[in-house]
Amino acid sequence: MSKSTLNTLTTIFGLAAGAATFLGNIGAINRTIAGTIGGLATAALGYLVQQPAVEQPQAPTTQK
């Protein structure tokens, strides 16, 4: 998986976990549901951060 894709996915899952926790704590959503969403997002995040990032080769630039 490319480094860019890993960065995007970890950002999304991190935001989902944080948002679920916040919304559960302020009572906007049920705490059980918030805990489930946060737990699943955190588990996915834990998996993704263990994946090796593959650097994408840069296209050669031409000089004039």
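Our structure's up above, just so we're on the same page.
Residues numbered from 1 in each chain as written. Predicted model: local features only at pLDDT ≥ 70, side-chain atom pairs only at ≥ 80, totals over all residues. Heavy atoms only, no water.

**Student:** Residues and numbers for the environment of Ile26, please.
**Tutor:** By the element assignment, Ile26 lies in the loop between α1 (3–25) and α2 (31–48). For Ile26, a relative accessible area of 52% corresponds to the exposed category. The spatial distance from the C-alpha of Ile26 to the C-alpha of Leu45 is 24 Å, given a sequence separation of 19 residues. (Helix = DSSP H or I, 4+ residues; strand = E, 2+ residues; numbered from the N terminus. Buried < 20%, exposed > 50% of the residue type's maximum accessible area, 1.4 Å probe, protein only.)

**Student:** Go over α2 with me, naming the residues and quoting the values.
**Tutor:** Helical periodicity: at 3.6 residues per turn, an α-helix aligns residues three or four positions apart in one direction. Helix length check: α2, at 18 residues, gives a terminal C-alpha distance of 25 Å against a target of 26 Å (1.5 Å per residue), a fit within 8%. Listed as buried for α2 are Ala34, Gly38, Ala41, Ala44 and Leu48. Around the axis of α2, the buried residues are gathered within 130 degrees of arc, so they sit on the same side. When the buried face of α2 is taken as reference, the exposed residues oriented beyond 90 degrees from it are Arg31, Thr32, Leu40, Ala43 and Tyr47. Summarising the contacts, the buried residues of α2 are in contact with α1. Two or three places before Thr32, at the start of α2, stands the capping residue Asn30, its side-chain oxygen 2.6 Å from that residue's backbone nitrogen. (Expected span 1.5 Å × (residues − 1). Arc of directions from axis to C-beta. Contact = heavy atoms within 4.5 Å. Polar contact = N/O pair within 3.5 Å; in protein donor to acceptor, adjacent residues only side chain to side chain.)

These results come straight from atomic positions and should not be treated as a statement about function.
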